[in-house]
Amino acid sequence: GLRLAILHIHRELSTRDSCLIIGTGFESQIAASVLIEMGYRKITFVENEPDLISDLNTKFHKQYFNIQMEIISSDHIILLPGIHSVVVNTWDLKKDDSFLIDLLYFNYSKDEGLIINLVKNSESDQILEEASANSKKTISRNEVDFFTELSALRSFVELNEKKLSEFINFVLSSPKGSSILL
């Protein structure tokens, strides 16, 4: 679903650019995998737990070749240059969170960048509201869910069309096939 949403909403992105992923949990790793499979090779993760850093680095370098990974602390996000064309948030942010305030500056994102929020709550949605106000493309969790369901529906229809086609071909190829259909 994430891949389809990105392709549908912002086709003009260059895979030569960097991606910023806020968090290192399961959804962050899925998002990173999707972006790497789309051709992105430079990924920066934001994480505050040092224990997770070496495991994540090892995991991704075993699974994918020719990627550049960096992991930074959330208090360094304000120092990042605006080189990231895709930013994915997976952290459940609270209204009084100072990190949320830092995120709303968008200094880390390219002007024509894409901001994706995979968290369903109003505080995290503030990122998308501010991004839209700053003329950035956005993708919400609901949009990702929509494209996931659309993809599943497409697969279901294609599978059933194939089975139906195979059944019709089987019936027509049998000696009494035409009479079976009547």
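What counts and how
Residues numbered from 1 in each chain as written. Predicted model: local features only at pLDDT ≥ 70, side-chain atom pairs only at ≥ 80, totals over all residues. Heavy atoms only, no water. Pairing = 2+ DSSP bridges. Helix = DSSP H or I, 4+ residues; strand = E, 2+ residues; numbered from the N terminus. Axes fitted to C-alpha atoms, helices over the stretch in contact; angles between N-to-C directions. Contact = heavy atoms within 4.5 Å. Buried < 20%, exposed > 50% of the residue type's maximum accessible area, 1.4 Å probe, protein only. Arc of directions from axis to C-beta.

Right, let's talk about the sheet that holds strand S3 (residues 68–72) for a bit. Strand order in the open sheet formed by six strands is S3-S2-S1-S4-S5-S6, with parallel pairing between adjacent strands. Every other strand in the sheet has two partners, leaving S3 and strand S6 (137–139) as the edge strands with one partner each. On average, each strand axis in the sheet is inclined to that of its neighbour by 20°, with strand direction left out of account. Relative to S3, strand S2 (residues 42–46) runs parallel, the two being bridged by five bridges. Looking at the pairing, Thr44 lines up with Glu70 of S3. This element, helix H1 (residues 2–9), spans strand S5 (109–117) and S6 of the sheet and lies at about 155° to S6. Most of the contacts of helix H2 (residues 26–37) go to strand S1 (residues 18–22), to which it runs at about 165°, and overall it touches S1, S2 and strand S4 (84–89).

We now examine H1. Taken as a whole, H1 has its buried residues at Leu2, Ala5, Ile6 and Ile9. Along H1, the residues classed as buried sweep out an arc of 100° about the axis, all on the same side.

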